[in-house]
Protein chains: 4
Amino acid sequence: MPLTQEQLAEIEAQRASPRQTLRAVSEGMEKHLYTAQPVLDHGFVRAIDYMGDDSAIVQAARVSYGAGTKHVQNDEGLIRYLMRHWHSTPFEMCEVKLHIKLPVFVARQWIRHRTANVNEYSARYSILDREFYIPAPEHLAAQSTINNQGRGEVLQGEEAARVLALLKSDAAQMYDNYEAMLSQDGQQGLARELARMNLPMNIYTQWYWKTDLHNLFHFLRLRADSHAQYEIRVYAEAIAAMTADWVPLAYAAFEDYRMGGATLSSKAIDVLKRMLKGEEVTRETSGMSVGEWREFQAVIADPA
Amino acid sequence: MPLTQEQLAEIEAQRASPRQTLRAVSEGMEKHLYTAQPVLDHGFVRAIDYMGDDSAIVQAARVSYGAGTKHVQNDEGLIRYLMRHWHSTPFEMCEVKLHIKLPVFVARQWIRHRTANVNEYSARYSILDREFYIPAPEHLAAQSTINNQGRGEVLQGEEAARVLALLKSDAAQMYDNYEAMLSQDGQQGLARELARMNLPMNIYTQWYWKTDLHNLFHFLRLRADSHAQYEIRVYAEAIAAMTADWVPLAYAAFEDYRMGGATLSSKAIDVLKRMLKGEEVTRETSGMSVGEWREFQAVIADPA
Amino acid sequence: MPLTQEQLAEIEAQRASPRQTLRAVSEGMEKHLYTAQPVLDHGFVRAIDYMGDDSAIVQAARVSYGAGTKHVQNDEGLIRYLMRHWHSTPFEMCEVKLHIKLPVFVARQWIRHRTANVNEYSARYSILDREFYIPAPEHLAAQSTINNQGRGEVLQGEEAARVLALLKSDAAQMYDNYEAMLSQDGQQGLARELARMNLPMNIYTQWYWKTDLHNLFHFLRLRADSHAQYEIRVYAEAIAAMTADWVPLAYAAFEDYRMGGATLSSKAIDVLKRMLKGEEVTRETSGMSVGEWREFQAVIADPA
Amino acid sequence: MPLTQEQLAEIEAQRASPRQTLRAVSEGMEKHLYTAQPVLDHGFVRAIDYMGDDSAIVQAARVSYGAGTKHVQNDEGLIRYLMRHWHSTPFEMCEVKLHIKLPVFVARQWIRHRTANVNEYSARYSILDREFYIPAPEHLAAQSTINNQGRGEVLQGEEAARVLALLKSDAAQMYDNYEAMLSQDGQQGLARELARMNLPMNIYTQWYWKTDLHNLFHFLRLRADSHAQYEIRVYAEAIAAMTADWVPLAYAAFEDYRMGGATLSSKAIDVLKRMLKGEEVTRETSGMSVGEWREFQAVIADPA
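Treat the numbers as computed from the prediction; the structure is a model and nothing was measured.

**Description of the relation of the copies chain B and chain A**
Turning one copy of the chain about an axis and sliding it along that axis gives the other copy, so a rotation and a shift relate them.
Here is step 1: When chain B is brought onto chain A, the operation consists of a screw motion whose angular component is 180 degrees and whose axial shift is 0.0 Å, with 0.0 Å RMSD remaining. Look at the turn and shift together and you get a two-fold axis relating the two. Taking C-alpha positions as the reference, the residue of chain B nearest the rotation axis is Gln20(B), at 2.3 Å.
Here is step 2: The residues that chain B uses at the interface reappear at the interface of chain A in 100% of cases, marking a shared surface.

**Focus on the interface of chain D and chain A**
Here is step 1: Counting residues at the interface gives 60 residues for chain D, matched by 61 residues for chain A.
Here is step 2: Taken over both partners, the interface formed by chain D and chain A buries close to 5,600 Å², and the fraction arising from carbon and sulfur atoms is 49%.
Here is step 3: At the junction of chain D with chain A, the criterion picks out 4 salt bridges.
Here is step 4: Between Glu193(D) and Arg151(A) there is a salt bridge; the shortest N-O distance is 2.6 Å.
Here is step 5: Looking at the side of chain D that touches chain A, the elements with two or more residues in it are helix 5 (104-110), strand 5 (117-120), strand 6 (141-143), strand 7 (151-154), helix 6 (157-182) and helix 7 (192-195) of chain D.
Here is step 6: The element that contributes the greatest number of residues to the side of chain D that touches chain A is helix 6 of chain D, accounting for 10 residues.
Here is step 7: Across the side of chain D that touches chain A, the residue classes tally to 28 nonpolar, 18 polar and 14 charged.

**Some details on the relation of the copies chain D and chain A**
Here is step 1: Screw-axis analysis of chain D against chain A gives a translation of 0.0 Å along the axis, an RMSD of 0.0 Å, and a rotation angle of 180 degrees.
Here is step 2: In this assembly, 100% of the residues forming the interface of chain D have copies in chain A that are likewise at the interface, indicating an isologous arrangement.

**Quick look at helix 8 (residues 213-223) of chain A**
Residue and element names in this part refer to chain A.
Here is step 1: The buried fraction of helix 8 is high, at 8 of 11 residues.
Here is step 2: Taken as a whole, helix 8 has its buried residues at Leu 213, Asn 215, Leu 216, Phe 217, Phe 219, Leu 220, Arg 221 and Arg 223.
Here is step 3: The N-cap of helix 8, judged by a side-chain oxygen 3.0 Å from the amide nitrogen of His 214 a few residues on, is Asp 212.

**What about the interface of chain B and chain A?**
Here is step 1: Between chain B and chain A, the contact holds 53 residues from the first and 53 residues from the second.
Here is step 2: For the pair chain B and chain A, the summed buried area comes to about 4,900 Å², and 50% of that belongs to carbon and sulfur atoms.
Here is step 3: The largest share of the area that chain B buries against chain A comes from Arg19(B), Leu22(B) and Arg23(B), three residues that together contribute 18% of it.
Here is step 4: Taken together, chain B and chain A are joined by 6 salt bridges.
Here is step 5: Note that Glu95(A) and Lys210(B) form a salt bridge whose closest N and O atoms lie 2.5 Å from each other.

**Concerning the packing of helix 11 (residues 266-276) of chain B against helix 11 (residues 266-276) of chain D**
Here is step 1: The contact between helix 11 of chain B and helix 11 of chain D brings their axes to 10 Å, and the two run at 40 degrees. Comparing the axis directions of helix 11 of chain B and helix 11 of chain D gives the class oblique. Considering the relative orientation of helix 11 of chain B and helix 11 of chain D, their crossing is left-handed. Every residue of helix 11 of chain D that contacts helix 11 of chain B at Leu272(B), Met275(B) and Leu276(B) is listed here: Leu272(D), Met275(D) and Leu276(D).
Here is step 2: Split by residue class, the contact of helix 11 of chain B with helix 11 of chain D holds 6 nonpolar, no polar and no charged.

**Some details on the packing of aromatic side chains**
Here is step 1: Scanning the model with the defined rule gives 52 aromatic pairs over all chains in all.
Here is step 2: Arranged with centres 6.1 Å apart and planes meeting at 80 degrees, the rings of Trp110(A) and Trp207(A) form a pair that is edge-to-face. In this pair, Trp110(A) is assigned in helix 5 (residues 104-110) and Trp207(A) in strand 8 (residues 204-212), connecting sequence segments 97 residues apart. The exposure classification of Trp110(A) matches that of Trp207(A), with both residues buried.
Here is step 3: Ring centres of Trp293(B) and Phe296(B) lie 5.8 Å apart, and the angle between their planes is 45 degrees; this geometry places the pair in the tilted category. Residue Trp293(B) and its partner Phe296(B) are located together in helix 13 (residues 290-300), separated by 3 residues, close to a single helical turn. Across the pair, Phe296(B) and Trp293(B) agree in class, each one buried.
Here is step 4: Among the aromatic residues, ring-to-ring pairing joins Trp110(A), Trp207(A), Trp209(A), Phe219(A) and Tyr235(A) into one connected group.
Here is step 5: Here the guanidinium or amino end of Arg221(A) rests over the ring plane of Trp86(C), the centre of that ring lying 5.1 Å away.

**A closer look at helix 11 (residues 266-276) of chain A**
Here is step 1: Buried within helix 11 of chain A we find Ala268(A), Ile269(A), Val271(A), Leu272(A) and Lys273(A).
Here is step 2: Considering only its buried residues, helix 11 of chain A is in contact with strand 9 (262-264), helix 12 (283-286) and helix 13 (290-300) of chain A together with strand 9 (262-264), helix 11 (266-276) and helix 13 (290-300) of chain C.
Here is step 3: Just downstream of helix 11 of chain A lies Gly278(A), where phi reads positive at about 100 degrees.

**As for the domain arrangement of chain A**
Here is step 1: Per the domain assignment, the segments making up chain A are domain 1 (5-133 + 202-259), domain 2 (135-201) and domain 3 (266-300).
Here is step 2: Computed from C-alpha coordinates alone, the two centres of domain 2 of chain A and domain 3 of chain A are separated by 45 Å.

**Comments concerning the environment of Phe296(D)**
Residues and elements named next belong to chain D.
Here is step 1: On the basis of relative accessible area, Phe 296 is assigned to the buried category, the value being 3%.
Here is step 2: Distance from Phe 296 to Ile 269, taken between C-alpha atoms, is 10.0 Å for residues 27 residues apart in sequence.
Here is step 3: Leave out the neighbours within four places in its chain, and Phe 296 touches Leu 264, Ala 268, Val 271, Leu 272, Met 275 and Met 288.

**Looking at the side chain of Lys210(B)**
Here is step 1: Looking at the element boundaries, Lys210(B) is found in strand 8 (residues 204-212).
Here is step 2: Lys210(B) gets classed as buried once you look at its relative accessible area, which sits at 0%.
Here is step 3: Within the local environment of Lys210(B), its side chain forms a polar contact with the backbone oxygen of Glu92(A), the two atoms lying 2.7 Å apart.
Here is step 4: A distance of 2.5 Å separates polar atoms of two side chains, one belonging to Lys210(B) and the other to Glu95(A).
Here is step 5: Excluding anything up to four places from it in sequence, Lys210(B) contacts Met51(A), Glu92(A), Met93(A), Cys94(A), Glu95(A), Asp212(A), Glu95(B), Val96(B), Lys97(B), Ala116(B) and Asn117(B).

Rules of the game
Residues numbered from 1 in each chain as written. Chains lettered and ligands numbered in written order. Predicted model: local features only at pLDDT ≥ 70, side-chain atom pairs only at ≥ 80, totals over all residues. Heavy atoms only, no water. Least-squares fit on C-alpha atoms with pLDDT ≥ 70 in both. Contact = heavy atoms within 4.5 Å. Buried area = accessible area lost by both parts, 1.4 Å probe. Salt bridge = Lys/Arg side-chain N within 4 Å of Asp/Glu carboxyl O. Helix = DSSP H or I, 4+ residues; strand = E, 2+ residues; numbered from the N terminus. Nonpolar A, V, L, I, M, F, W, Y, C, P; charged D, E, K, R; others polar. Buried < 20%, exposed > 50% of the residue type's maximum accessible area, 1.4 Å probe, protein only. Polar contact = N/O pair within 3.5 Å; in protein donor to acceptor, adjacent residues only side chain to side chain. Axes fitted to C-alpha atoms, helices over the stretch in contact; angles between N-to-C directions. Parallel < 35°, antiparallel > 145°, perpendicular 65-115°, else oblique. Left-handed = near helix turned anticlockwise from the far one by under 90°. Phe/Tyr/Trp six-rings, centres within 6.5 Å; stacked < 30°, edge-to-face > 60°. Lys NZ or Arg CZ within 6 Å of the ring centre and 35° of its normal. Domains from an automatic or database assignment.

Okay, here's the thing in structure tokens:
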């Protein structure tokens, strides 16, 4: 259960008492506030607060560009223009604050996004709960044979059973010993800041995470991408869905230009031009390395 | 007049239509929203949006410290504790967005605070207005004779009149020529991105500026300080007054520990201990430099 | 003259006395150290210090990816791979410190790149020199008729002469009055922090600017781009040439993937696929806006 | 053994071949380069590269303050002045790059210092070594009874033995199972990015960490402090000793004003003034909370 009864009661109370404000309000985001969106087996994402909406982006852009933006007829066109030309500062004028519960190994990857504000639950001050991420069978994958940092096929049969059993029993044992070391029952009790070192990295932690929309998009581009590890991607996807409700125009532009877009090298553009003129270009005549060629093919491949 | 009729009408419209939200609301800040607070002769500060209030700081801290914060009985005590021990991340959970109109030479100093989001009016896209900062007579000061970066006594008589006349006539002439160069009346008209170089640095610009409360406090500590240049200090003071209404507990802690506090070197602490034991310590026996001694005296001086 | 005799003598002294170090050395950058590269009429760029070289990027990447990088056979391949996949942290392991002299209106644009360390000459402490940027006739351009933030044709004949004369006489007059207000000859003398407001934005300032290679590449991509204002682009180009000598492999990858590359939207990629299958796609059947179509055409256009 | 034979050979090679450079050289730092300074049972800190020295700080400050700095007679006085007045930008002009091997729970605390560049060994790409931090008996401490985030007395007798045995056997078992799950011997082999979740947080990781001197000082102030957890403090102390050799003047100023200094609230300063006038002030008459009074007493306490 990701939330305690106490936390659920607090959410109910907060959702029951809307207040008046003169600030920009995003109806799409209001409906998400405080509600925990479950992720993985014990994790969640819930929006705590936000600042701005699509019109706040437009408003900031018009301060910058003054009369220069008047010829762009509508908000959608202006937002697409800003996204296309990497004008990032108007997107920085929106901000979001999320409460996230996640396994430590996911948190370690997440924290590498430095332009954000974070308050993490401290295991120096407090005792962590007995909650561990155990993958669902369909996400228990073998090492990829072609990609050093990826996963391949799903583990089968006995091996899968063995791995799941190990993950569960190791986590349980480590937590038992964590408690045993902390206990002050008939002994001094190890300091919390030391005892925590015996916990495995699939234990859950939680934090408040606050960032602006530009940096959130950067996070989503990397972490909602198909190359991201599944366990962080599901968080990114939950946040992406929320963001689409919060700032629908900006999110649509982001999807078109970033998530669905691709960056081509000058070499790739040259090859494209040759192909458009009817030339049959092969990897050998392209001048690209094997990896570049494979990635280039993926961009222009027809899924049909 | 810092705001156009159009802008005033827009403010009225925004203030007339409160909406419902589930987010944290600061009544103290709501009353400031959109209203322009005049600063200097043509400048202003107005709050456009904010995120969080005193309780948001407390909430974030309790996420971090978990049960460890339960023994602190109330919000005020916890906020003072956080401020005293430089626990800055809970303060980062509040955010504010301001619309500011300010002279370019002030903007150049302000922008050095890097942890903020900025959208400035672009003189490449648009034409700047004919508005210049001309100091009031009581702020027209001579160079300090003891401080390389400060100002001393107020200029008197003919010299003051001469300076004011020069500032006004130079600004007017530069702006006339800016317009003449831009004009497309019977000529091609110089590019805006070039013409702007002829404008003096007391011309007004404007921007949206967004920052978190921790970084705002850092800005206020440096810029609302008595050593800051008067022309930026008045902006900092206007923002400080707004912040006191926005997050009254956090602001009170900031005032006590930062604005009114002082940092002593280990050398100064040693001297203090000797003084508290009754020793008569002089600059010579203190081991401090002349500058350090003067600053130390200012900290412990009795104003009475 | 961008450098004083005193500064030139200092450079000579520094260049005359190499010392021994165990650090990574880039021979290509050593030859640039301290030498001022002239930019515009009074500006310059000179490298003061640097950290790392191409091999430092590779070394950092191998720490991250461990055995996972062993299959990439050589440094060039690995650096290209890192650039292609936006693995930016290894590039952050190189750092450069530059001394730059530049007009204030260029500095105002430059400083918007926040991830850098800056020490600027302070006109509160010190008096600025009588040096102003006056464009060469071939860079005195009219406002673009199609681009709100661009310049069009070069000004001709009398208009050009008139503009140049105005820029020169206004700068001279403002500086004369700056000096007159500062003077303590028979008067108190206005504070420097106030007098500076009478200076136009084509006056030169100078600063030390230090950044890492990843952020430098970001700066170069935006400012060495053909859409950047000429007056900042020439600085970016001078720094780009230096960078090509400093980290030749990284710079070559940057050129191929960033400077010469292009980002396509999902819409543009769909159009490309249709074109590659032989379909004749027009702006109307593309689903793109006029602006997007024009930019897309520019990417795939055959210059021949 | 913190370093492999291969790594030691590489260090020897690098130290054997000094090269010539025109850059600023710090003899004090050159002697540390590449040499691993052991920390904890398997960790280390080693300097890989640096930029600048004490004179680089002075040089940057003189660019900023121009003639305004000439009255400060020497480098030491200027550096102390900069430190005392929180002029941080000249210190940002120095940079250091360290290679650090450290337990994951220490790394999790360390990474919260956001203004730094990091390349960490990736357990998605590669397999972690079998190396765990096991505290020496004298650092195996009980939970503090007065401080929620501190440790108290050293564990005694059987309890200490029990804890050490548990830490060792749990680490060994988890690592055995990590290997068993990864193994491709007769099974598919779990993906590395999943298997790593079974490792406890006292396993060692390593990274390259690069930061500027201003941010390094901030890190040292918090982490070399007596309130920091022992396991990160020993790293901070090792780096502090290195820094004292690298920039001796800046480090001495840092020690006097930051490490040995104290910040007093306005309330505390008022009490001090009363005490200096001979008044006997008690906690009750001070207006301070219990915590504030205790901390204030610690500042002015005479250790003798």
